[in-house]
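Below, each chain spelled out in residue letters.
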Amino acid sequence: MKSVTVKDLVERFSLEVLTGHSELHRPITKTKAHRPGLEFVGYFDFFPQAHVQLLGRKEITYLHKLSENERNLHIGNIVKYHPPCFVVTRSQEGLKYLKKYCEEEKIPLLRTSAPTSKFQDLVDLYLSKSLAEEIAIHGVCVNVSGIGILLRGKSGVGKSETAHTLIRRGHRLVADDIVVLKKISPETLLGTHNGKTKEFLALRSIGLINVSRLYGRKAFQDETRIVLDIELTKWQENALNNDLELEPRFTDYMDIQVPHIEIQLQPGRDVAGLVEAAANNWYLRQQGYRAAEDFMQRLMNNSND
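Not measured: the values here are computed from a predicted model.

Draft legend 1. Main features of the sheet that holds strand β6 (residues 109–111). What the 4 strands build is an open sheet, ordered β2-β6-β5-β4; its pairing is mixed. For this open sheet the edge positions go to β2 (16–19) and β4 (53–55), each flanked by a neighbour on one side alone. If you compare each strand with its neighbour and ignore which way they point, the axes differ by 30° on average. Where β2 meets β6, 3 bridges bridge the pair, whose relative direction is antiparallel. Paired with Val17 across the bridge in β6 is Leu110. Contacts between helix α4 (residues 96–105) and the sheet are confined to β2, β4, β5 (86–88) and β6, with β2 contributing the most and set at about 75° to the helix.

Draft legend 2. Structural context of the environment of Lys159. Relative to the elements of secondary structure, Lys159 occurs in helix α6 (residues 159–168). Given the relative accessible area of 7%, Lys159 is considered buried. Once residues lying within four places of it in the same chain are set aside, the contact partners of Lys159 are His138, Gly139, Val140, Leu151, Arg152, Gly153, Lys154 and Leu232. For Lys159, the side chain forms a polar contact with the main-chain oxygen of Gly153, separated by 3.1 Å.

Conventions we followed
The numbering scheme is per chain: residues are counted from 1 as the chain's sequence reads. Since the coordinates come from a predicted model, pLDDT governs what is reported: local features require at least 70, and pairs of side-chain atoms require 80 or more to be given and counted, while whole-chain, interface and lining totals use all residues. No hydrogens and no water enter the side-chain calculation; it runs on all heavy atoms of the structure. The rule for pairing is simple: two strands pair if DSSP sees at least two bridges between them. Helix and strand definitions here come from DSSP, where helices need a minimum of 4 consecutive H or I residues and strands a minimum of 2 consecutive E residues; each element is numbered from the N-terminal end. The axes are straight lines fitted to the C-alpha atoms, using for helices just the contacting stretch, and the angles between their N-to-C directions are given from 0 to 180°. Contacts between residues were defined by any pair of non-hydrogen atoms, one from each residue, lying within 4.5 Å. Classification of residues uses two cut-offs on accessible area relative to the type maximum, computed with a 1.4 Å probe and protein chains only: under 20% is buried, over 50% is exposed, and between them is partly exposed. Any pair of nitrogen or oxygen atoms within 3.5 Å is treated as a polar contact; in protein, a donor-acceptor pairing is required on top of that, and neighbouring residues in sequence qualify only through side-chain atoms on both sides.

Geometric values such as these leave the question of function open.
Here's what the structure looks like:
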């Protein structure tokens, strides 16, 4: 099971450590932070104890209003489940009772100045990416006009060269050679690099280039949502399907179906332009427009005149 540590959380969000300095190695394995509410009134049937526990103004104000005995009872009931950590938002004070129980149970108590809802959104996003199921594939990942695309094909077919042409046209590189795919949700696939190849593009006969240094920061982005899988293949005579609308095909990545397109290569063919056309056509489809349907409707209208 993938995990991050409480220390990773502290460093990522510059959190203040109030207690538990020696317990920052504790693992976090769940993707959503939890704000205990029902637990403070004694209902623990569905308490997500393995999640980061977030204490905002609502929770802390409620605890402040309790008598000392009630407060000790409610806090004591929660800490005995040993969640990975507690995070108090908005730099709230008066946490002596929380420190006491967290110190006794060796649970890190952290604090941030960020508003509760904003911090929860950031933590959830960070954990969903860090703990996501992932695989690595051979290929190139680019962002074309805001649309994430995988370029696949056999070694030497021209994936990196196509990516280079796209970058020169104003699009962005995400990863070359090794693309890391992360399953963020049942419908969302994120493409990114493995860190080592960040910003690098390998071009045959040229070698490695750093696209950010060569073409500016806008030539690269860290990650993108993958919506198209394009396979570059060698030209085969009489093998292209020239129907008005090709039969939909998909590639499966961790049970996520990504629309698949095959582009056959031939000297002089504008492959980068075809990738741009595929990206723009996908976008129009999301808006409900299909060129083939539009064309057929025009034919029908003309035949009725």
